[in-house]
Amino acid sequence: MKTQLTPSIRVIAGIVSILSLLPWACASARAATTPAETTGLPFPVVTRFENFGEKDGLPSHKVHCVLKTKDGKLWLGTTNGLCVREPDGKFRRYGPEDGLSHPVVLSMAEDPGTGDLWLATMQGLTRLSGGRFTVFTQTNSGLPNNVVYGVAVMDDTVWAATPAGAGAYHIKTKSWTMYDQNNADMEEPWCYAIAPGDGVVYIGVWAGGIVEHDPRTGSFKAYRDPDGDFQFQLTPDSGPIADITSWVAYQDGILWQSTYFGLSRYDTKEATWRTWVQDKTPLASNFINTVFARGRVAWVATDRGVSVTDGNDWVNYLVDGNGRGVVRTYRPGQEPQTRTMTTALADGFVLGVWADDHEAWFATSNGLSHGIFDVPTASTAATATTSPTVASNL
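The model shown is predicted, which means the values in this text are computed figures rather than measured ones. (Residues numbered from 1 in each chain as written. Predicted model: local features only at pLDDT ≥ 70, side-chain atom pairs only at ≥ 80, totals over all residues. Heavy atoms only, no water.)

### A few points about the overall build of the chain
Definition in use: Going along the chain from the N terminus, every DSSP run of H or I of four or more residues is numbered as a helix, and every run of E of two or more is numbered as a strand. Here the term buried applies to any residue with accessible area under 20% of the maximum for its type, exposed to any over 50%, and partly exposed to those in between, with areas from a 1.4 Å probe on protein chains only. All accessible areas in this document rest on Shrake-Rupley with a 1.4 Å probe, and a residue is counted as covered only by the protein chains that are shown.
The number of helices and strands found in the chain is two helices and 31 strands. Among the 394 residues that make up the chain, the fraction classed as buried is 58%. Summed over its atoms, the accessible surface of the chain is roughly 15700 Å², and 49% of this surface lies on carbon and sulfur atoms.

Structure follows, in structure tokens:
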């Protein structure tokens, strides 16, 4: 779980080189070489992992977030600074001595228009533009709070999620607008994440569900757990699974909410909810640190590995007690399939994900993992076996 301050007395204590890749092989070749349980899935499947740690040049074993920018650079936010992977595969660190506001980087966002990188840290918001760092704090700019958990860019506005509310930095006017329980439909000010939507912004509030804000009209709409019990799902598919929101992500009309009690998905076009909890569904764990959206697919980072799903098909990447990689595939109307790999995630406690159609990167509590989507060989995948159960606690 991300480094954090205690969020609320209402919450129970303790809830706390880039390789050139081969494109996907043609369908016939994939069907002949890919394990049967992974063919025809609506998303790519990781067939092997490469892992990187301090011995490889990472400044810290704990990686909070990972982001690949439009120019192809891979950026990491760690507990000991910002890190970029150079074309030669080496890692270069930036710290407070270079202008970074704080060594602990919790979240990153790229401005699609300018290419500027915005960094959420434990002591302010930092912009990296043209190789120069600019720091935004409470005292020098009006940032709501110096602890910034999440950051996002929408049009000409940078959004920051802080313990004192959501801040909107208007780039053109260089001014801030703050939203909290006093001027927005929030139960409390503690905000964890921001996700730009189609003309609206979704704010993940720690104990207040999700708040939708339309900057054009100034309106707010709250989505909260309808049963009011943040520990148990009493009414499935009826709304957010819990008010305690750890992250939100949005793409292609689908809003995802991660919590420490399960996963929720909201189809904004159909106005329908779906929810998943550990043991009753394929979700790897209820304790979810972040969720990353790619199209209509979610990469769900948990304390027990990663779940990937479009809401129907699922693939879980786990690490067993012997450090082996375990892949579990769940498809509607079929028995779950389990296979082991000779490679595995650097650690099962996953804090962040970035993925496209060619590769995936995972920020973990014990290093960085690179998931490769190439065709597996006999050395990277083991025999598939049928699992009689729907869920397991590896």
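Okay, back to it.
### Examining the sheet that holds strand β12 (residues 165-170)
Backbone hydrogen bonds hold the strands of a sheet together, and the pairing may be parallel or antiparallel. Stated precisely, the cut-off is as follows: For two strands to pair, DSSP has to find at least two bridges joining them. Orientation is described by lines fitted to C-alpha atoms, with helices fitted over the stretch in contact, and by angles between N-to-C directions that extend from 0 to 180 degrees.
An order of β10-β11-β12-β13 is seen for the four strands of this open sheet, with the pairing classed as antiparallel. Two strands close off the open sheet at either side, each with one partner strand: β10 (150-154) and β13 (175-179). Averaged over all adjacent pairs, the angle separating strand axes in this sheet is 20 degrees, with direction ignored. Bridge analysis of β10 against strand β11 (residues 157-162) gives five bridges, and the strand direction is antiparallel. When the sheet's bridge partners are listed, Val153 is paired in β11 with Val158.

### What about unusual backbone geometry?
When glycine is set aside, most residues are seen to have a negative phi, and most peptide bonds are trans. Notably, Asp155 is not glycine yet its phi reads approximately 55 degrees, a positive angle. For Asp155, the position within the fold is in the loop between β10 and β11. Located in the positive-phi region is Asp279, a residue other than glycine, with phi close to 75 degrees. Among the structural elements, Asp279 can be located in the loop between β21 (272-276) and β22 (288-294).

### Here we look at the sheet that holds strand β9 (residues 132-136)
Spatially, four strands are ordered β6-β7-β8-β9 in an open sheet, and the strand pairing comes out antiparallel. Only two strands of the sheet have a single neighbouring strand rather than two, namely β6 (105-110) and β9. Averaged over all adjacent pairs, the angle separating strand axes in this sheet is 20 degrees, with direction ignored. As judged from the five bridges shared by β6 and strand β7 (residues 117-121), these two strands associate in the antiparallel manner. In the sheet register, Val105 faces β7, and the bridge partner there is Thr121.

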